[in-house]
Amino acid sequence: MTDRIVVEITLTTDAGGGTTTYYMGTSGYATKPTDTPANAYIAPRIKSVGAFKRELFSGSRVTGAVRPSFGEIVLMNNDGGLDAWMGYAISGAKVIVRIGDENAAYPAGYTTVYVAYAQHLVADFDQIRLRLRDRLNLLEQPLVTAQFTGAGGLEGSSGVAGKLKQWVAVGPGYFPPILIDAASQLYFVQSTGTGGLGASIKVYEGALEITKGASYPDAATCLSTSPAAGEARFWMGTGGNGPVYFRLGSVPQYDLRVWGAGYQPSGGAWTLAAIAALAGITGGTGTVQPGEVLVDDSRSYMQVMEDGCAIQWGYFGMTRLDAFVSNIFDVPGGSPLYTFTQHNAKNWSRAPTQDMDAPVWSVTVNSGKTWPSNLVAGAGLTERDYMTRSPWWVSFSRTDATVKTANPGAVAVVIDTPCRNFPNSFSQTTFLDGYFARYGVRRDFYTCTVPLTPETIALELHDTVQIKLPRFGLSAGKHMRIITQQIDADRREITYGMWG
């Protein structure tokens, strides 16, 4: 069987946003009338489609964004046939690489190797090099961009013009509201909805809860009607979907703090997939949440999502087919999807991944940003405790000297996160148990190379597989997690890295 690689590159070719898709192959041919596109000539311009690599670990024991690494697609252009590309928009162009038997229908009989996006091109008189990336770059922009205009009403007075409208996920603790109109004592709480938990949102002055009056039925009533003296009244947004405001009936003499509850407009908890959708990466899957956090600065989507991953071993990224996924990293479990042996794989190696060459014997977690408040004399002991904690909502740790005794090179890890996700000893113990189960023991790391086939390329990061070899104590077979995947389409090979 003789195979062929075909690359589809869709470029924006005019100022109005019109696009043109170019097809190029490792050999030239004309598509069949039943192919898509039909009766089209595929120019033999591909010199190389490079290597595509993804890593589940980002150089530490705390997961987060899947780290992609693309090579480049090299196209022959010694005849000048692609010179027009110099005038087209290259950045963001979608690139699809497929491989299949040269007699197969296109694209139905081909396997998609990967989907990527052009970053830029480098050209000379002989060839064009397309540098590639995935869409995670869309997450490298601020999560919060909405600002108060200062035009009055719910947009506040001129004094808050340009101030960011803070975003809240679940309950980040006791945080400051934003005074947007001193004359009417109107405050902004959060841009997110309440998830049906509006009754639980409370406001405190000097750690003493302010009596809540009936919630406003609409924005107009909120703006026109002041609460009674000593009371607070909230406007939760239409259907409780935010944004959330409140007014006070009296001017406060002490610091104000709000116990909030931030959810999606649908009422569901925020997930990494839902946050990615805000950045333009729609259709994502996974239920991993960002943590209980407030964002009132220029932190990017990526930063917020990675902070959430740090406290639950989460990861997220784009698959080789350009789909956003998120999941919780765990020890190998379930039935293996593939068994690697000395007969179907080569170039076996055992070596640790970066920064994971020894177990962890000590973990310290500092969790939850705090906003300390001054105190009213009558504030309760619990509220006084909550609203004077600094600099973290909670800090906890565990050491296991037996790990260090058995592994002299064992390391200590400190995790700092603004997320307030460990409110009690049970949640703290659960996290530490899970952390030591994953990283407090010796782990095996193996790599091997297999032929690029529809079966081997279907394996994904975090999939459970099995290694069965007559060496290294693996004769009975051992379950592993895939943590790296490097596809070399030029060589028709895939190198997998496994953790177990």
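One can find the structure itself at the top, above this paragraph.
Novice: Describe the overall build of the protein chain, listing the residues and the values that go with them.
Specialist: For the protein chain, the helix and strand inventory stands at seven helices and 33 strands. Once the C-alpha set of the protein chain is aligned to its principal axes, its extents read approximately 85 × 65 × 35 Å. Going through the 500 residues of the protein chain one by one, you find that 50% of them count as buried. Of the contacts formed within the protein chain by residues at least 6 apart in sequence, a portion of 65% connects residues at least 24 apart. Per element, the accessible surface of the protein chain, about 21100 Å² overall, is 51% carbon and sulfur. For the protein chain, the centre of its 40 positive side-chain charges and the centre of its 42 negative side-chain charges are spaced 5 Å apart.

Novice: Describe the sheet that holds strand E14 (residues 178-181), with residues and values.
Specialist: Here we have five strands laid out as an open sheet, ordered E14-E15-E20-E19-E18, and mixed in their pairing. Strand pairing shows two members of the sheet lacking a second neighbour, E14 and strand E18 (211-212), which therefore form its edges. Pairing of strand E19 (residues 231-235) with strand E20 (residues 244-248), which is carried by four bridges, proceeds in the antiparallel orientation. Within E20, the position partnered with Arg-233 by the bridge is Arg-247.

Novice: How would you sum up the sheet that holds strand E27 (residues 360-369)? Please name residues and give values.
Specialist: Two modes of strand pairing occur in sheets, parallel and antiparallel, and in both the strands are linked by backbone hydrogen bonds. Taken together, the three strands give an open sheet; going across it, the order is E28-E27-E29, and neighbouring strands pair in mixed fashion. Strands at the two margins of the open sheet, each flanked by one partner only, are strand E28 (392-399) and strand E29 (411-417). Across the sheet, the mean angle separating the axes of adjacent strands is 10° when strand polarity is ignored. Sheet analysis places E27 next to E28, joined by seven bridges and oriented antiparallel. Across the sheet, Val-363 pairs through a bridge with Arg-398, a residue of E28.

Novice: Lay out the pattern of salt bridges in plain terms, naming residues and giving numbers.
Specialist: Within the structure shown, the criterion is met by 19 salt bridges. The salt bridge partner of Arg-98 is Glu-8, with a shortest N-O separation of 2.3 Å. With Arg-98 in strand E9 (residues 89-101) and Glu-8 in strand E1 (residues 3-12), the pair connects residues that are 90 residues apart, well separated along the chain. The class of Arg-98 is buried, set by a relative accessible area of 13%. Where Lys-165 meets Glu-155, a salt bridge forms, and the shortest distance between an N and an O atom there is 2.8 Å.

Novice: A description of the packing of aromatic side chains should follow, citing residues and the corresponding values.
Specialist: In this structure the tally under the stated criterion is 27 aromatic pairs. Judged by centre distance (5.2 Å) and plane angle (0°), the ring pair of Trp-313 and Phe-431 falls under stacked. Of this pair, Trp-313 sits in the loop between helix H3 (301-310) and strand E23 (314-318) while Phe-431 sits in helix H6 (residues 425-439), and the two are 118 residues apart along the sequence. Per residue, the accessibility class of Trp-313 equals that of Phe-431, and both read buried. Members of the aromatic cluster, joined through ring pairs, are Trp-313, Phe-396, Phe-422, Phe-431, Tyr-435 and Tyr-439. Arg-389 extends its terminal NZ or CZ atom over the ring of Trp-393, reaching a point 4.5 Å from the ring centre.

Novice: I'd like a description of the pairing of strand E2 (residues 19-25), backed by residues and values.
Specialist: Inspection of the sheet shows E1 paired to E2 by seven bridges, in the antiparallel sense. Note that in E2 the partner of Leu-11 across the bridge is Thr-20.

Novice: How would you explain the side chain of Gln-312 if you had to name every residue and give the values?
Specialist: Topologically, Gln-312 is positioned in the loop between H3 and E23. Looking at Gln-312, the relative accessible area reads 19%, which means it is buried. One polar contact links the side chain of Gln-312 to the main-chain carbonyl oxygen of Gln-289, over a distance of 2.5 Å. For Gln-312, the side chain forms a polar contact with the main-chain oxygen of Gly-308, separated by 3.0 Å. When sequence neighbours within four positions are dropped, the list of residues in contact with Gln-312 reads Val-288, Gln-289, Ile-328 and Phe-431.

Novice: An account of the pairing of strand E15 (residues 186-190) is needed here, citing residue identities and associated values.
Specialist: For E15, a buried count of five out of five residues is recorded, marking the element as mostly surrounded by other parts of the structure. Here E14 runs beside E15; their pairing, made up of three bridges, is antiparallel. Paired with Leu-179 across the strands is Tyr-187, a residue of E15. Linkage of E14 to E15, two consecutive antiparallel strands, is achieved through a turn of four residues, within which Gln-185 is found at a positive phi near 50°. Bridge count between E15 and E20: four bridges; the pairing is antiparallel. Bridging from a neighbouring strand, Phe-188 pairs with Tyr-245 of E20.

Novice: Give me the environment of Gln-342: which residues, what numbers.
Specialist: Position of Gln-342 among the secondary structure elements: in the loop between strand E25 (339-341) and strand E26 (346-350). The partly exposed category is assigned to Gln-342, whose relative accessible area is 45%. Taking the C-alpha atoms as reference points, Gln-342 and Tyr-110, separated by 232 residues in sequence, lie 28 Å from one another. Leaving out residues up to four positions away in the same chain, Gln-342 has contacts with Trp-348, Lys-468, Leu-469 and Pro-470.

Rules and cut-offs
Residues numbered from 1 in each chain as written. Predicted model: local features only at pLDDT ≥ 70, side-chain atom pairs only at ≥ 80, totals over all residues. Heavy atoms only, no water. Helix = DSSP H or I, 4+ residues; strand = E, 2+ residues; numbered from the N terminus. Buried < 20%, exposed > 50% of the residue type's maximum accessible area, 1.4 Å probe, protein only. Contact = heavy atoms within 4.5 Å. Areas by Shrake-Rupley, 256 points an atom, 1.4 Å probe, with all protein chains shown as cover. Lys, Arg positive; Asp, Glu negative; His and termini not counted. Charge placed at Lys NZ, Arg CZ, Asp CG, Glu CD. Pairing = 2+ DSSP bridges. Axes fitted to C-alpha atoms, helices over the stretch in contact; angles between N-to-C directions. Salt bridge = Lys/Arg side-chain N within 4 Å of Asp/Glu carboxyl O. Phe/Tyr/Trp six-rings, centres within 6.5 Å; stacked < 30°, edge-to-face > 60°. Lys NZ or Arg CZ within 6 Å of the ring centre and 35° of its normal. Polar contact = N/O pair within 3.5 Å; in protein donor to acceptor, adjacent residues only side chain to side chain.

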